[in-house]
Amino acid sequence: MRPYRLLLIVLAMLAALPLVIESNVALNFLKVSLMLALAGTGWNLLGGYGGQFSFGHAVFFGTGAYTAAVLQVRFGINAWVAFGAGIALGALVGAAIGWLTFRAGLRGSYFALVTLAFAEVARIIASVWPLTGAGAGILIPLKLGVANLQFGSRAEGYWFVLALLGLAMALARAIEGRRFGAQLVAVRENEDAAKALGVDVLRVKLMAIALSGGITASAGGFYAQTFLYLDAGLAYGPWISVEALLTAIVGGIGTVWGPLLGALVLQALSELGKHLGGDAPGLGLVLFGAVLIIVVRFAPEGIVGLIRRARPRRVARG
Amino acid sequence: MAELIAEAMGVTVRFGGLVAVNDASVPVTEGRIVGLIGPNGAGKTTLFATIAGFQKPNAGRIRFRGKDITALAPHRRAALGIARTFQIVQPFAGLSVRENIAVGAHLRHAGRAEALAAADAVADRVGLSALLNLPAASLTVAGRKRLELARALATEPQLLLLDEVLAGLNPSEVRDVIPVIRAIRDGGVTVLMIEHVMQAVMALADEIHVLSEGRIIARGSPDAVARDPAVVEAYLGHGAAARLQGNAHA
Ligand SMILES: Nc1ncnc2c1ncn2[C@@H]1O[C@H](COP(=O)(O)OP(=O)(O)OP(=O)(O)O)[C@@H](O)[C@H]1O
Ligand SMILES: [Mg+2]
């Protein structure tokens, strides 16, 4: 239980927040932050632990979102089932992209660019395909109720995304303490050395991208159920690819806590930006770009790295 | 007569027009320390890479325990019991020494605790115990060479391929590592080692194969190989053997 203790404590505290927070604005802020942290936790599994940087995690987010929406709206399937199917399809899309790219030996910036291309192709398809609502997008009819995965009380949706994030973080923590995690990190550090030690590099990468895709798809499913409207730019747009990788990098790449800390800080910054600069187009991206440069230059291990440096007696991790 | 654990049979590797390994055959007898020596660029590392599965040969076969493994991926060969070290060391730089070794140990131990315990035990054998918690990136050359050795050992191999694990060490460090390698052999692991430190190969190897310009030009006991005129020529240049003979007689 030791490795999960802090995680459980923090999750319990986060779960209690809606009981003390009155403001809807604050709660929505947290809800969106948790969703971004969830998408970032998916990215982090592949990019942070596995060293395979994706610029196209929107492909998973969008797949999770559209699967949930399309199955409900076009096929009348239950929302929970549709949501689960979105996660499964996200994992499957991950495995398929991994099969095509990793088997071809794509690494580094080549892998990053190809993932970006996959996300863009998905965006273009979704913007013309009648099934996904093409240019008009797709609207999930409002039917409040837990059975429909639509939460009326403002706290329920928050708890739902918190539970998803908690599961994803616990999964990351579990992987850290297992053979798969050791092999995944070994692949990041040096593929040839890993092979020589008996690591099936392709298999490890495929597992990582499938898990990564599934987790980020769950964030997309949550998005669909929360905002009840999707179009290609929202679901498959580059914004979420950027947010997913930024939360992990700013928070602390390859750490369990990184995406959550990064998401909170980035969301706070972007809210601040909106207050100061109004809705000037592109301001958010400029702000994120500046943050990224500062982090890469001065705190390459992100917020988690800063915290660890401030407390030299590092807490033993399980 | 002891059995062959592994055999490179007529291996040829070409890089474009360059023939790095030319129809080389190296039988490796189980339980021995077999030395592979030769001048720079002779093709030793390339032959190693072929045995470990990192380099596809243009011709020839690799056999391990009687099975043809020429088409097998490196990780599958590691699982069969072939471990290699890298001449240019390849540490997992961001990980601690213990975590580095544990990656190797995970090949035989699924559980994290067992793999870490196995890593500690291996570190003890190669003299890395004091450095277990350090980042691998902070190790000296000697430390990194030991780490290569430790990781490979942690996979519990039957055949260990050592590519110049003594290169870059000072004489006293070399003296420290020699008994470690001998103990590995005495523990039942067959060792095939590339080495330029002659004093060490001569002291360690039960037999030596000499590679020059991709071809095996001599093999035998360390003494016999050292006296072989073809070997002297390969190292010192054409006519060297005759000149040395002449000097000896003069
Ligand atoms: N990947 C490669 N591509 C092209 N040429 C290569 C490659 N690897 C090795 N060579 C060439 O093949 C020849 C044999 O190289 P190899 O590294 O096997 O020699 P070696 O006997 O290990 O030498 P050293 O004692 O210097 O380590 C050299 O001429 C080298 O330049
Ligand atoms: Mg070499």
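Higher on the page you've got the structure.
A brief report on the enclosed structure follows. It should be emphasised that the depicted structure is a prediction, and the values quoted were computed from it without experimental measurement. Counting restarts for each chain, with residues numbered from 1 along the sequence as it is written. Think of it this way: whatever chain is written first is A, whatever ligand is written first is 1, and the rest follow in order. Local features in this predicted model are restricted to residues of pLDDT 70 or higher, and side-chain atom pairs are both shown and tallied only at a pLDDT of 80 or more, whereas totals for entire chains, interfaces and linings draw on every residue. The basis for the side-chain values is all heavy atoms of the structure; hydrogens and waters are excluded.

Focus on the overall build of chain A
For chain A, the helix and strand inventory stands at 14 helices and 2 strands. Taken along the three principal axes of its C-alpha coordinates, chain A extends 55 × 45 × 40 Å. Here chain A holds 318 residues, and 51% of them are scored as buried. Contacts are assigned to residue pairs that have any heavy atoms within 4.5 Å of one another. In chain A, the share of contacts with a sequence separation of at least 24, taken over all contacts with a separation of at least 6, comes to 79%. Strands are runs of DSSP state E lasting at least 2 residues, helices are runs of H or I lasting at least 4, and numbering of each runs from the N terminus. Per-residue accessibility, obtained with a 1.4 Å probe over protein chains only, is compared with the maximum for each type, and a residue is labelled buried under 20%, exposed over 50%, and partly exposed between these values.

Topic: the coordination of the magnesium ion (ligand 2)
Residue and element names in this part refer to chain B. We call an atom a donor if it is N, O or S and sits within 2.8 Å of the metal, or 3.2 Å for Na, K and Ca. Water is not counted, so some sites may look partial. Around the magnesium ion (ligand 2), the protein contributes the donor atoms Thr-45 (OG1) and Gln-87 (OE1), at 1.9 to 2.1 Å from the metal centre. In this pair, Thr-45 sits in helix α1 (residues 44-52) while Gln-87 sits in the loop between β6 (82-84) and α3 (97-105), placing the two residues 42 residues apart along the sequence. Exposure remark for Thr-45: the relative accessible area of 29% places this residue in the partly exposed category.

Looking at a nonpolar patch on the surface
Residue and element names in this part refer to chain A. Patches here are clusters of residues that have more than 30% relative accessible area and form no salt bridge, with a 9 Å joining cutoff for like charges and a 5 Å cutoff for nonpolar side chains (Val, Leu, Ile, Met, Phe, Trp, Tyr). Surface accessibility follows the Shrake-Rupley procedure with a 1.4 Å probe radius. Residue values consider only the protein chains on display as shielding. The term salt bridge refers to a side-chain nitrogen of Lys or Arg lying within 4 Å of a carboxyl oxygen of Asp or Glu. There is a patch of nonpolar side chains on the surface, built from Phe-53, Phe-55, Leu-113 and Leu-116 and spanning about 340 Å² of accessible area. Here Leu-116 is to be found in helix α5 (residues 108-128). Since its relative accessible area comes to 31%, Leu-116 is described here as partly exposed.

Digging into the site of ligand 1
All names here are of chain B. Here a residue is considered near a molecule or strand provided that any single heavy atom belonging to it is located within 4 Å of it. Close contacts around ligand 1 come from 13 residues, with Lys-44, Thr-45, Thr-46, Gln-87 and His-196 the closest. N or O atoms within 3.5 Å of each other form a polar contact, as long as, within protein, one can give a hydrogen and the other can take it, and as long as residues adjacent in sequence are counted only when both atoms are side-chain atoms. Ala-42 is positioned such that a nitrogen or oxygen atom in its backbone is 3.1 Å from an oxygen atom of ligand 1. Residue Gln-87 places a side-chain N or O atom 2.8 Å away from an oxygen atom belonging to ligand 1. When the free accessible area of ligand 1 is taken as 640 Å², the share hidden by the protein chains comes to 61%. For the shell around ligand 1, the secondary-structure elements that each account for two or more residues are β2 (18-29) and α1. If you tally residues by element for the shell around ligand 1, the top one is α1, at 3 residues. Amino acids are sorted into nonpolar (Ala, Val, Leu, Ile, Met, Phe, Trp, Tyr, Cys and Pro), charged (Asp, Glu, Lys and Arg) and polar (every other residue, Gly among them). Looking at the shell around ligand 1, its residues break down into 4 nonpolar, 7 polar and 2 charged.

Description of the pairing of β2(B)
Residue and element names in this part refer to chain B. Sheet topology note: the strand β1 (residues 4-15)/β2 ladder contains 8 bridges and is antiparallel. By the bridge assignment, Glu-7 is partnered in β2 with Pro-27. Here β1 folds back onto β2 in antiparallel fashion, the turn holding 2 residues, of which Gly-16 has a positive phi close to 60°. For two strands to be treated as a pair, DSSP must find no fewer than two bridges joining them.

Some details on helix α12 (residues 258-277) of chain A
Residue pairs spaced three or four apart in an α-helix point in one direction, given the helix's 3.6 residues per turn. All names here are of chain A. Helix length check: α12 (20 residues) gives 27 Å between terminal C-alpha atoms against 28 Å at 1.5 Å per residue, within 8%. Here α12 has its buried residues at Gly-258, Pro-259, Leu-260, Gly-262, Ala-263, Leu-266, Gln-267, Ser-270 and Gly-273. Check the buried side of α12 and you find it contacts α1 (5-20), α2 (24-49), α6 (154-176), α11 (238-251), α13 (283-298) and α14 (302-310). By this rule, a helix spans an expected 1.5 Å times one less than how many residues it contains.

Concerning the interface of chain B and chain A
Opposite the 22 residues of chain B that make contact, chain A presents 18 residues. Taking both sides of the interface into account, the surface hidden between chain B and chain A amounts to around 1700 Å²; carbon and sulfur atoms contribute 67%. Here chain B and chain A share 5 residue pairs in polar contact (both at pLDDT 80 or more) between them. For the side of chain B that touches chain A, the leading source of residues is helix α2 (residues 74-80) of chain B, giving 3 residues. When two parts are brought into contact, each loses some accessible area as probed by a 1.4 Å sphere; the total of that loss over both is the buried area.

Regarding the environment of Val250(A)
Residues and elements named next belong to chain A. Looking at where Val-250 falls in the secondary structure, it is placed in helix α11. Along the sequence, Val-250 and Asp-200 sit 50 residues apart, while their C-alpha atoms lie 30 Å from each other. Ignoring any residue separated from it by four or fewer positions in sequence, one finds Val-250 in contact with Gly-262, Leu-266, Val-291, Val-295, Gly-302 and Ile-303.

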